[in-house]
Amino acid sequence: MFSFLRSSFPRVHSSDLRKYFCPFRKSSSSLSWRTHTCGELRGVDVGSQVTLCGWLQFKRYDFMATLRDAHGVTQFVLPEDQTRRITLSKRLGSAYPESVIKVKGHVQRRPKDKSNEKMPTGDVEVVADDLEILNNCSEQLPMQVHDHTNVTDATRMLFRYLDLRSSRMQRNLRRRSEVAMKMREYLWKQHNFVEVETPNLFRRTPGGAKEFVVPTHQPGQFYSLPQSPQQFKQLLMVGAIDRYFQVARCFRDEGSRPDRQPEFTQVDIEMSFIDQGCIYRLVEGLMQYCWPSDLADIRVPFPRMKYEEAINQYGTDKPDTRFGMTLVDVTSTLKDSGVSVFESTSPDFVIKVIRCPDGSKHLTKGKLDHLQTTCQDKRSIRFLPVVLKEDGSWKSSIEKHLPEEAKASVAEAVDAVPGDALLLCAGPANSVNHCLGFLRLKCADILEEQGIKLRDPDCFNFLWVDDFPLFLQSEQGDSSEDDVLESAHHPFTAPVVGEEELVYSDPLKVRGQHYDLVSNGVEVAGGSIRIHSSQLQRYILETILQEDISGMTHLLQALESGCPPHGGIAIGFDRLIALLCGEDTIRDVIAFPKTADGNDLMSGAPSEVSAEDLARYHISVDQKGS
């Protein structure tokens, strides 16, 4: 029937298809009106006929302007011919800044005294032979599209479509795209992973964060949006998809923070027949492969640190190892020193200290008082700041009560010198560690505000943190009854090999095969070796965590159906990109983020739904909000 079509087109071998559809030279102007981008022209292009498209950035005098697109800025000038200049000048004069225009013309070299070394295209300019206004902009925009414009985050999010034009957002989103593509290439081409999309409409997962619910037409029946594809990736392992990955959208119904959004992206990875070392080597290779060439190289293998070591030395399980000021235990020195705040019979009582270099100069009384107020919010914590005077003596509320020998021992333990400040904390070990871990970062902020460089922004200190406890004491436990436990990671994490029996006899002593990848104080990724025994998984869910397992029948049955040993990791893609872009918040690497309250200022989401729509889902709204 369509034989005439075969005779109308040349026969093309599949290996030659790229000649027709894929240009050999990577170009941002292929399949476009333009011949070049606004950041592309150089001296070698002098004399070439070009077409540029973009946004009118500045107009200078009545014959010169700059055109901007996502790739850069090019200056164009009107021709010397007066007739043509007058015509084009009127056309240009009617266009407001940020209007979309198309310029056709030829490239000429700028006069030497007019070149601009700050612009990649600063040696050349385009002489416009024709100029077309594709879409004129409003005379007054709600915000200016300049890199130096100082606008609030709320304004940026309200007019995000304008904010996206800035070179900062263009750089961030293009870096995000490039890293994602390289990750896919590494996993698929080099290690034969299969990319599988998993459902976003699921059911509640026990443990973990709060989940968004989605109503259905069935009365009282709801979906849940997954906080991760955890169960699906394990089911894929049962289904012999032994190397899976996905750039997954995930959802958590929690308050937004600088490093968290209600909807976020993670690179989800799962493998069968592996141990922790296999995951470590895979991720280290992945990071090297996708690492931007303009950043300092990273070295593998990444260092490893036990969870207990991280907590004891840095006060957190995601330590920033770019600077010192580590926590030092001085319990043996101060506990029996005769100072009442250092006395306790609790076996969990510790006294620790951090040294703030030149703290006497930079930690003013007001700042010390603020730090003390912060520590008083912690339960059972005693905070004691000490300033070392120039003669080495102490300035502190306990200086008269503490023997000189004890003072010297504490100073020696942290290598303190005159002019330093010491921050002492006493109390339960867990509370002291977390309090001093927080103070360590706050002191670093204060010192860097004074110009003291501690954390090199161009340095990326990756390390693995592992040997986490499998279970933690739940804060919801009732002291009058048996203690309630919760998973330190999630309920599908396997215990360390050899400690399986402790799950049944002494679960708080069990370590889990959980691991986090940390860089510069940011948790970049987290994962674990999973439980592949149905019996063990059932016991942990039902007996230890006291979860209702009626909704987990499918997973438990799958584990009984020939489930291979497996494990995986999820890379927090938004956090990683924020780290690579030098941004403090993941909002600046997401095209359309939410506010701290989970609102989209630009569109007004979430919004009300009509009573008719609610009735379709058998829902009514309590207007009192009770």
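An account of the accompanying structure is given in this report.

1. Digging into helix H7 (residues 230–238)
Within H7, seven of the nine residues are buried, which leaves the element mostly enclosed by the surrounding structure. By the burial criterion, the buried members of H7 are Gln230, Gln231, Phe232, Lys233, Gln234, Leu236 and Met237. Elements in contact with the buried residues of H7: strand S9 (243–251), strand S10 (263–272), helix H17 (553–559) and strand S22 (566–572). Positive backbone phi, at 70 degrees, marks Ala240, one or two positions downstream of H7.

2. Re the side chain of Arg440
Mapped onto the elements, Arg440 comes out in helix H14 (residues 429–449). Notably, Arg440 is buried but unbridged: the nearest opposite-charge side chain belongs to Asp320, and the N-O separation is 5.9 Å. Beyond its immediate chain neighbours, meaning those up to four positions away, Arg440 contacts Tyr314, Asp320, Phe323, Gly324, Met325, Thr326 and Ile354.

3. Some remarks on the sheet that holds strand S16 (residues 421–428)
Ordered in space as S12-S13-S16-S14-S15, the five strands form an open sheet in which the pairing is antiparallel. Edge positions in the open sheet fall to strand S12 (328–329) and strand S15 (394–395), since each of these has one partner strand only. Both strand S13 (residues 349–356) and S16 contribute to a ladder of eight bridges, which runs antiparallel. Among the inter-strand pairings, Phe349 is bridged to a residue of S16, identified as Pro428.

4. Thoughts on empty space enclosed by the protein
Scanning all chains against the criterion turns up two cavities of 30 Å³ or more. Counted as a void, the largest cavity has a volume near 40 Å³. Around the largest cavity, the lining residues are Met157, Arg160, Phe592, Pro593, Asp600 and Met602. Each residue belonging to the lining of the largest cavity can be placed in one class, and the counts come to four nonpolar, no polar and two charged. Lining the second largest cavity, in full, are Asp153, Arg156, Met157, Arg160, Arg587 and Asp588. With three residues, the single largest contributor to the lining of the second largest cavity is helix H4 (residues 153–158). For the lining of the second largest cavity, the per-class residue count stands at one nonpolar, no polar and five charged.

5. Some words on the packing of aromatic side chains
Across all of its chains, the model carries twelve aromatic pairs by this definition. Centre to centre, the rings of Tyr186 and Tyr289 are 5.4 Å apart; their planes meet at 45 degrees, and the pair counts as tilted. Residue Tyr186 is found in helix H6 (residues 167–191), and its partner Tyr289 is found in helix H8 (residues 276–290); the two are separated by 103 residues along the sequence. Overall, the relative accessible area of 6% leaves Tyr186 in the buried class. Ring centres of Tyr280 and Trp464 lie 4.2 Å apart, and the angle between their planes is 25 degrees; on these two criteria the pair is classed as stacked. In this pair, Tyr280 sits in helix H8 while Trp464 sits in strand S17 (residues 462–466), placing the two residues 184 residues apart along the sequence. This pair shows no difference in class: Tyr280 is buried, exactly as Trp464 is. Here a set of aromatic residues connected by ring pairs shows up, and it is made of Trp291, Phe302, Phe460 and Phe462.

6. Describing the nonpolar core
Within soluble globular proteins, side chains that are nonpolar generally end up buried alongside one another. In terms of nonpolar packing, the biggest core is built from 53 residues, with Met183, Ile269, Met287 and Ile571 touching the most fellow members. The contacts of Ile571, once residues within four sequence positions are left out, are Met183, Thr265, Gln266, Val267, Ile269, Leu286, Met287, Val524, Ala525 and Leu576. Within the second largest apolar cluster, 26 residues are counted, among which are Val350, Leu363, Ala429 and Leu454.

7. Some thoughts on the pattern of salt bridges
Under the counting rule described, the total for this entry stands at 35 salt bridges. Between Lys189 and Glu185 there is a salt bridge whose closest N-O contact spans 4.0 Å. Of this pair, Lys189 and Glu185 both sit in helix H6, four residues apart, roughly one helical turn. Judged by relative accessible area, Lys189 falls into the exposed class, the value being 58%. Arg511 serves as the salt-bridge partner of Asp467, at 2.9 Å between the closest nitrogen and oxygen. In this pair, Asp467 sits in the loop between S17 and strand S18 (471–473) while Arg511 sits in the loop between helix H15 (502–505) and strand S20 (514–519), placing the two residues 44 residues apart along the sequence.

8. Details of the sheet that holds S22
In spatial order, the strands read S6-S9-S10-S22-S21-S20-S17-S11; together these eight strands make up an open sheet with mixed pairing. If you trace the sheet from one side to the other, it starts and ends with strand S6 (194–195) and strand S11 (304–306), each paired once. By the bridge criterion, seven bridges tie S10 to S22 in an arrangement that is antiparallel. The residue bridging Val267 from the neighbouring strand is Ile571, located in S22. Together, S10, S11, S17, S20, strand S21 (522–529) and S22 form the strand contacts of H8, whose direction differs from that of S22 by roughly 30 degrees. Packed onto the sheet, helix H9 (residues 307–314) meets S11 and S17 and runs at close to 80 degrees relative to S11.

Calculation notes
- Residues numbered from 1 in each chain as written.
- Predicted model: local features only at pLDDT ≥ 70, side-chain atom pairs only at ≥ 80, totals over all residues.
- Heavy atoms only, no water.
- Buried < 20%, exposed > 50% of the residue type's maximum accessible area, 1.4 Å probe, protein only.
- Helix = DSSP H or I, 4+ residues; strand = E, 2+ residues; numbered from the N terminus.
- Contact = heavy atoms within 4.5 Å.
- Lys, Arg positive; Asp, Glu negative; His and termini not counted.
- Salt bridge = Lys/Arg side-chain N within 4 Å of Asp/Glu carboxyl O.
- Pairing = 2+ DSSP bridges.
- 1 Å grid on protein atoms, 1.4 Å probe; cavity = no way out; pocket = protein on both sides within 12 Å on 5 of 7 lines; lining within 4 Å.
- Points joined across faces, edges and corners; volume = space filled by probe spheres on them.
- Nonpolar A, V, L, I, M, F, W, Y, C, P; charged D, E, K, R; others polar.
- Phe/Tyr/Trp six-rings, centres within 6.5 Å; stacked < 30°, edge-to-face > 60°.
- Core = buried A, V, L, I, M, F, W, Y, C linked by side-chain atoms within 4.5 Å.
- Axes fitted to C-alpha atoms, helices over the stretch in contact; angles between N-to-C directions.

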